[in-house]
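Spelled out from the first residue to the last, the chains are:
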Amino acid sequence: MSDVAIGVDLGGTNVKTAVVTSEGEVLGKDARPTDAKQGLDPVLDTMQQGVEAALNQAGVALSDVVAAGFGAPGPMNWQTGVVFSPPNLPGWKNVPLAELMRGRLGVPCFVDNDANVACYGEFWLGAGQDVNSMVLLTLGTGVGGGIVVMGKLLRGPDGTAAEIGHMCVRRNGRQCNCGAKGCLEAYASVTGMVRTALRGIEGGHKTVLTEMCEDDLSRLTGKMISDAVEKGDGFAAWVMQETGVWLGTGIGSLINLLNPERIVLAGGMIAAGDVLFKPVRETARHNPSTYPANAPRLWRRVSARTRV
Ligand SMILES: [Zn+2]
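Quantities reported herein were computed from a predicted structural model and do not represent experimental measurements.

Enquirer: For this particular structure, what's the right way to read a nonpolar patch on the surface?
Expert: Together, Tyr-120, Trp-124 and Leu-125 make up a nonpolar patch on the protein surface, roughly 290 Å² of accessible area in all. Examined against the element boundaries, Tyr-120 turns out to sit in helix H3 (residues 114–125). Residue classification places Tyr-120 among the partly exposed positions, given a relative accessible area of 36%.

And the structure:
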């Protein structure tokens, strides 16, 4: 029988667990709300319960598990398994996650950046399984990144490589949560898209968005922008287009820098579909500065594999 391991995706909203074989076969799964507001210990309890439920479903005993891997929001030290202070996990500060979960589960535990493990997972068994080099961007509240070069995850000596969201796309641009200005994340994430919309509305653009958030612009969400596009709102379509151009600008630089065989887009924002991806494709591929003759295929990772 092949070795069995546990994989846990610790997100700010949900904890997703899978029991997998060394060939990548999923034997059992579980998903439950993180309830991150409760603080550290209840989240650790939730992860433990998720592991137990997934093992139960798989019919596998904890004693037969070789290791457990956790994908967690950064920043962190993957070598020591310490998670520093992720913005969407309140109360977490320098948490020795690998050590704490080892104490609870009794099996070797490893922690890595969620975008890195998503990238490696897609490289191993998903959208990148037929290539040697790929880039994955997770588009949500922020922009996460993972890079595989020549079959290996690019980590850098401190493990902080592939912070694609914090690549500067505009000198003295928008303030980013990381402290720097002009990061890709400040334009091309859901939060960045909302900021683009707010600037336009404050500048006097007329849009159904003001009505949709009942004149309280602090309630504006990415979903509202996407819904407004479907309602035929020209301003919302412009916001989406603008966001796509920023994303395509970043991706064009990644193509020049890494010459990847594939770029995979994942995360909640990809639900927006072609209205977002058309400008991404056009900017990334047809920008005069995009150097490689054979631009990589772009993949949009929804539930099934979809080529953009
Ligand atoms: Zn930044």
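Let's pick the thread back up.
Enquirer: Explain the coordination of the zinc ion to me, please; I cannot follow it from the model alone.
Expert: Any two of four tetrahedral donors ideally make an angle of 109.5 degrees at the metal, while pairs among six octahedral donors ideally make 90 or 180 degrees. Looking at the zinc ion, the protein donor atoms are His-166 (ND1), Cys-176 (SG), Cys-178 (SG) and Cys-183 (SG), and they sit 2.0 to 2.3 Å from it. Bound by four donor atoms, the zinc ion shows angles of 106 to 119° at the metal and therefore tetrahedral coordination geometry. For the zinc ion, all donor residues lie on one chain, and their spacing in sequence is H-x9-C-x1-C-x4-C. A residue pair is termed long-range when its members are at least 10 positions apart, and His-166 in the loop between strand S11 (152–153) and helix H4 (185–188) and Cys-176 in the loop between S11 and H4 qualify at ten residues.

Enquirer: How do you make sense of empty space enclosed by the protein when you look at a structure like this?
Expert: Taking a probe equal in size to a water molecule and rolling it over the atoms shows the remaining empty space. All chains considered together, the criterion is met by one cavity of 30 Å³ or more. Approximately 30 Å³ is the volume attributed to the largest cavity. Lining the largest cavity are Asn-113, Asn-116, Gly-145, Gly-159, Thr-160, Ala-161 and Glu-163. Its residues placed into classes, the lining of the largest cavity shows one nonpolar, five polar and one charged.

Enquirer: Help me understand the side chain of Ser-133, please; the structure alone is not making it clear to me.
Expert: Along the chain, Ser-133 falls in the loop between H3 and strand S9 (134–139). With residues near it in sequence (within four places) discarded, Ser-133 still touches Val-148, Val-149, Met-150, Asn-259, Pro-260, Glu-261 and Arg-262.

Enquirer: Would you explain the side chain of Asp-30 in this entry?
Expert: Relative to the elements of secondary structure, Asp-30 occurs in strand S3 (residues 26–33). For Asp-30, a relative accessible area of 14% puts it in the buried group. Reaching out from Asp-30, the side chain makes a polar contact with the side chain of Arg-32 at a distance of 2.8 Å.

Enquirer: Mind showing me how you'd approach the environment of Ile-147 here?
Expert: Summarising the element assignment, Ile-147 is placed in strand S10 (residues 143–149). Distance from Ile-147 to Asn-172, taken between C-alpha atoms, is 26 Å for residues 25 residues apart in sequence. The residues touching Ile-147, leaving out its near neighbours within four places in the chain, are Cys-119, Met-134, Val-135, Lys-152, Leu-153, Leu-154, Ala-162, Ile-164 and Leu-258.

Enquirer: Help me understand the pairing of S10, please; the structure alone is not making it clear to me.
Expert: Looking along a regular strand, one sees the side chains alternate between the two faces of the sheet. Counted residue by residue, S10 has six buried out of seven residues, so it is predominantly covered. Bridge count between S9 and S10: six bridges; the pairing is antiparallel. Among the inter-strand pairings, Leu-139 is bridged to a residue of S10, identified as Val-143. Counting the residues in the hairpin turn of S9 and S10 gives three residues. The pairing of S10 with S11 spans two bridges and is antiparallel. Bridging across to S11, Val-148 finds its partner in Leu-153. The hairpin formed by S10 and S11 contains two residues between the paired strands, and Met-150 there has a positive phi angle of roughly 50°.

Enquirer: What am I meant to see in the layout of surface pockets here?
Expert: Quantified by volume, the second largest pocket comes out at close to 160 Å³. Lining the second largest pocket we find Val-190, Met-193, Gly-222, Lys-223, Ser-226, Met-240, Gly-268, Met-269, Ala-271 and Ala-272. Among the elements of the structure, helix H5 (190–202) and helix H7 (222–230) are those that each provide at least two residues to the lining of the second largest pocket. Among the elements that take part in the lining of the second largest pocket, H7 stands out by supplying three residues, more than any other. Split into classes, the residues belonging to the lining of the second largest pocket amount to six nonpolar, three polar and one charged.

Enquirer: I'm lost on H3 in this one. Help?
Expert: Given 3.6 residues per helical turn, the α-helix brings residues three or four places apart onto the same face. Between its first and last C-alpha atoms H3 spans 16 Å; for twelve residues at 1.5 Å apiece the expected length is 16 Å, and the two agree. The set of residues buried in H3 consists of Ala-115, Asn-116, Cys-119, Glu-122 and Phe-123. Looking straight down H3, one finds that the buried residues subtend no more than 135° of arc, so they occupy a single side. Regarding H3, its N-cap is Asn-113, as a side-chain oxygen of that residue lies 2.9 Å from the backbone nitrogen of Ala-115 further along.

Enquirer: When you look at the packing of H5 against helix H8 (residues 234–258) in this model, what are you seeing that I'm missing?
Expert: Helix-helix packing is characterised by the crossing angle of the two axes and by the distance between the axes. Running from amino to carboxyl end, H5 crosses H8 at an angle of 135°, the nearest separation of the two axes being 9 Å. Relative to H8, the element H5 is oriented oblique. The crossing of H5 and H8 is right-handed. Along its contact with H5, which presents Met-193, Thr-196, Ala-197, Gly-200 and Ile-201, the element H8 presents Phe-235, Trp-238, Val-239, Met-240, Glu-242 and Thr-243. Looking at the contact of H5 with H8 residue by residue, the class counts come to seven nonpolar, three polar and one charged.

Each value, and the rule that gives it
Within each chain, residues carry numbers counting from 1 in the order of the written sequence. The model is predicted, so local features are restricted to residues of pLDDT at least 70 and side-chain atom pairs to those at 80 or more, both for listing and for counting; the totals for chains, interfaces and linings are taken over all residues. With hydrogens and water set aside, each side-chain value is computed from the structure's full complement of heavy atoms. For patches, a residue must show more than 30% relative accessible area and have no salt bridge; joins then use 9 Å for like charges and 5 Å for nonpolar side chains, namely Val, Leu, Ile, Met, Phe, Trp and Tyr. The Shrake-Rupley method, run with a 1.4 Å probe, gives the accessible areas here. Residue values count only the displayed protein chains as cover. Each salt bridge in this description consists of a side-chain nitrogen of Lys or Arg and a carboxyl oxygen of Asp or Glu lying within 4 Å of one another. Numbering of helices and strands runs from the N terminus; a helix is a DSSP stretch of H or I covering at least four residues, while a strand is a stretch of E covering at least two. Only protein chains enter the accessibility calculation, which uses a 1.4 Å probe; a residue is then buried when its area is under 20% of its type maximum, exposed when over 50%, and partly exposed in between. For Na, K and Ca the donor cut-off is 3.2 Å, while for other metals it is 2.8 Å, and in both cases only N, O and S atoms qualify; water is not among them, so sites may look incomplete. Tetrahedral means four donors with every angle between 85 and 135 degrees, whereas square planar (four donors) and octahedral (six donors) require angles over 155 degrees between opposite donors and between 65 and 115 for all others; sites fitting neither are termed irregular. Think of a 1 Å grid over the protein atoms and nothing else: a 1.4 Å probe that fits but is trapped marks a cavity, an open set flanked by protein within 12 Å on at least five of seven lines marks a pocket, and residues with an atom within 4 Å of a point count as lining. Grid points are joined across faces, edges and corners, and a volume is the space filled by probe spheres set on the points. Under this grouping Gly is polar, as are all residues other than the nonpolar Ala, Val, Leu, Ile, Met, Phe, Trp, Tyr, Cys and Pro and the charged Asp, Glu, Lys and Arg. Residues count as neighbours in contact if any of their non-hydrogen atoms are within 4.5 Å of one another. Counted as a polar contact is a pair of N or O atoms within 3.5 Å, where, for protein atoms, one must be capable of donating a hydrogen and the other of accepting one, and residues adjacent in sequence contribute only when both atoms are in side chains. Between any two strands, at least two bridges found by DSSP are needed for them to pair. A helix is expected to reach a length of 1.5 Å times the quantity of its residues less one. Of all possible arcs, the one meant is that of the directions from the helix axis to the C-beta atoms. Think of each axis as a best-fit line through the C-alpha atoms, taken over the contacting stretch in the case of a helix, with angles from 0 to 180 degrees between the N-to-C directions. When an angle is under 35 degrees it counts as roughly parallel; over 145 it counts as roughly antiparallel; between 65 and 115 it counts as roughly perpendicular; any other value is oblique. By the definition used in this description, the sense in which the near helix is turned from the far one sets the handedness, with an anticlockwise turn below a right angle giving left-handed and a clockwise turn giving right-handed.

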